[in-house]
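# A closer look at the structure
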Amino acid sequence: MLRFQLLLASLLLNAGVAAAQGTAPDTTTAPDDGAVPIPLTRVVELAEHNATQVIQAQGQTRTRNAAVRSAYAAFIPSLTVSAGGTRQLPSGARTRIENGQVITLPPQPWSYAMGLNASVDLFDGGRRIFDLQQARASAGAARVHETTARYAAVLDAKQQFFNVLAARESESAARTQLEQAELDLRSSTARVLARTVTRSDSLRAEIQVRNARIAVTEARTSRMIANAALSQLIGSTQLVTAAETDTLGPPELPLDEPALRTLVEHGPAVAEAQANLDAARASRRGSWSGYLPTLTTSYSRNGNAVGDALFPSGDPFTYSGALRLSVSLPLFNQLQREEQRTDLDVAADNAAAELRDAQLAARLNLATALGAWRSARERVDLQTASVLAGIEDLRVQQQRYAVGGSTLLDVLTSQTQLDQARRDLIRARYDQRVARAQLEALAGRSL
């Protein structure tokens, strides 16, 4: 009986050491259910082109550019050409009196008219100039907003990419947890059969196995959801998943804090607020044109004719033309100009307040993201050491349990601590990735 127990202890010791050596959370890649692996660079590229917010921002830019072209065209005279024909029903012979005699003329039921009209404002109080300035400022704001939307879409895509990586690492850790739990169950069952421990050891080990199976199922579900969410964010009709890569980046940022602060204070969010303020001020300047006179000139030339066919033959038209010059000055328009000026003043004040808030928010977000990155980096180092310490502690507890020096409860406690250390490491790695992506979005460039 003693020889059997020693042989069993030796087998359990070797199995425990082998299991403890392969417990890193991200070394085993679980199957991704047919999802196509895609690298982070490709995710960023697809997000910049397919994200809904980017497409909407691009449409806004196109609209603003069209407004700029229309503002330029306001300096060009408008030109209108018209033509038409009318048939009188019923149509019959026409008469005319000449020298006291009634002369019968052939029927001419068709009448024709054509015209050419052109007009242009010679002076409008500078309204067109102000409109052009406003249109150009709005177009600039739209382009900056497109940049902001692109970085926001990239940040969302990166976060979801990191969600996939974290879900995959969690599933790998859960599978390792299940393997270890099954090993503990076999060990405890063998010792129960050898009557060196009570049946409670096998029952505790069985509960541990069931908990591990639940963890694997939940991790698999999280990975599948993360893959589907990533496919949606980048607009891929095919299910994709994150390619195997180390996205933690270098241990240090390429820029120091003052350089980062300079970038963030001129980043996409602040630039968009500044462009909106420029557009609001341009609109406010243009409101003064409503108090000035408008000088307009126009020219028109019209031709009229009659005939007996749908299309006139020859040149039967009689022509007339007119050149007009008009001046208008609104003396009182029920205070509509004053209301418009008040609205534009309020809009400019709001835009100035939003710019100030964007600058202060940029500093706050920089401090938050930079602190989160530094904290996550330290936690990665800490949890990496914790995982290594947990592996060693589990190995020692397994050896002691194999020779009867400790209980299964000690082994399970060590295993639980190791599992928690792995989860904390996965979370710290995820937080470090996200914090770096947030810094890139604030700065408007890759780091």
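The structure this text deals with has already been given above.
The sections below set out a description of the structure shown in this document. Small disclaimer: the values here were computed from a predicted structure and weren't measured.

It is worth spelling out the nonpolar core at this point. Ile38, Val43, Phe161, Phe162, Leu230 and Ile234 are the most contacted members of the largest nonpolar core, which has 23 residues in total. Among the secondary structure elements, those contributing two or more residues to this core are α2 (40-50), α4 (127-193), α5 (199-233), β6 (240-242) and α9 (408-443). With near-sequence residues (within four places) excluded, isoleucine 38 lies in contact with Val43, Leu46, Phe161, Ile234, Val240, Thr241, Ala242 and Ala243. Among the nonpolar cores identified, the runner-up in size contains 20 residues, and Leu253, Val264, Trp373 and Leu447 belong to it.

Topologically, aspartate 184 is positioned in helix α4. The spacing of aspartate 184 and arginine 204 is 20 residues in sequence and 9.5 Å in space, taken between C-alpha atoms. Once you skip the residues sitting within four places of it in the chain, aspartate 184 turns out to touch Ala205, Gln398, Leu408, Val411 and Leu412.

The contact between α4 and helix α7 (residues 268-286) brings their axes to 8 Å, and the two run at 165°. Judged on the interaxial angle alone, α7 and α4 are roughly antiparallel. As α4 runs across α7, the sense of the crossing is left-handed. Side by side, α4 and α7 meet where Phe130, Gln133, Gln134, Ala137, Ser138, Gly140, Ala141, Val144, His145, Thr148 and Tyr151 of the first sit next to Pro268, Ala269, Ala271, Glu272, Ala275, Asn276, Asp278, Ala279, Ala282, Ser283, Arg285 and Gly286 of the second. Across the contact of α4 with α7, the residue classes tally to eleven nonpolar, nine polar and three charged.

As a further point, take unusual backbone geometry. Backbone phi values are negative for most residues with the exception of glycine, while trans is the configuration of most peptide bonds. Phi angles above zero are rare outside glycine, and glutamine 334 is one such case at about 60°. As for its placement among the helices and strands, glutamine 334 is situated in the loop between β8 (318-328) and α8 (336-402). Exposure remark for glutamine 334: the relative accessible area of 57% places this residue in the exposed category. Unusually for a residue other than glycine, leucine 335 sits at a positive phi of about 60°. If you trace the backbone, leucine 335 turns up in the loop between β8 and α8.

Right, let's get into the pattern of salt bridges. Under the criterion given, the structure shown has 21 salt bridges. The salt bridge involving arginine 377 is made with glutamate 378; its shortest N-O contact spans 3.7 Å. Classification of glutamate 378 as partly exposed rests on a relative accessible area of 46%. Glutamate 392 serves as the salt-bridge partner of arginine 395, at 2.3 Å between the closest nitrogen and oxygen. Here arginine 395 pairs with glutamate 392, and both are found in helix α8, just three residues apart, close to one helical turn. Glutamate 392 gets classed as partly exposed once you look at its relative accessible area, which sits at 38%. Salt bridges here are not isolated pairs; linked through shared partners, they connect Asp121, Asp124, Arg127, Arg128 and Asp131.

Parameters and conventions
- In every chain, residue numbers begin from 1 and rise along the written sequence.
- Local features in this predicted model are restricted to residues whose pLDDT is 70 or higher, and side-chain atom pairs enter the listing and the counts only when it is 80 or higher, whereas totals over whole chains, interfaces and linings include all residues.
- Heavy atoms from the whole structure form the basis of all side-chain values; hydrogens and water molecules are not counted.
- Buried Ala, Val, Leu, Ile, Met, Phe, Trp, Tyr and Cys residues form a nonpolar core when they are joined through side-chain atoms within 4.5 Å.
- Buried residues are those whose accessible area, probed at 1.4 Å on protein chains only, stays under 20% of the maximum for their type, while exposed residues exceed 50% and partly exposed ones sit between those limits.
- Where helices and strands are cited, they refer to DSSP runs of H or I of at least four residues and of E of at least two residues respectively, numbered from the N terminus.
- Note on contacts: a residue pair is in contact if any heavy atoms of the two residues lie within 4.5 Å.
- Where helices are involved, their axes are fitted lines through C-alpha atoms of the stretch in contact, as for all axes, and angles between N-to-C directions lie from 0 to 180°.
- Each angle gets one of four labels, with under 35 degrees taken as roughly parallel, over 145 as roughly antiparallel, 65 to 115 as roughly perpendicular, and the rest as oblique.
- By definition, turning the near helix anticlockwise from the far helix through less than a right angle yields a left-handed crossing, and turning it clockwise yields a right-handed one.
- Side-chain classes are defined by residue name, with Ala, Val, Leu, Ile, Met, Phe, Trp, Tyr, Cys and Pro counting as nonpolar, Asp, Glu, Lys and Arg as charged, and the others, Gly among them, as polar.
- Here a salt bridge means any side-chain nitrogen of Lys or Arg lying within 4 Å of a carboxyl oxygen belonging to Asp or Glu.

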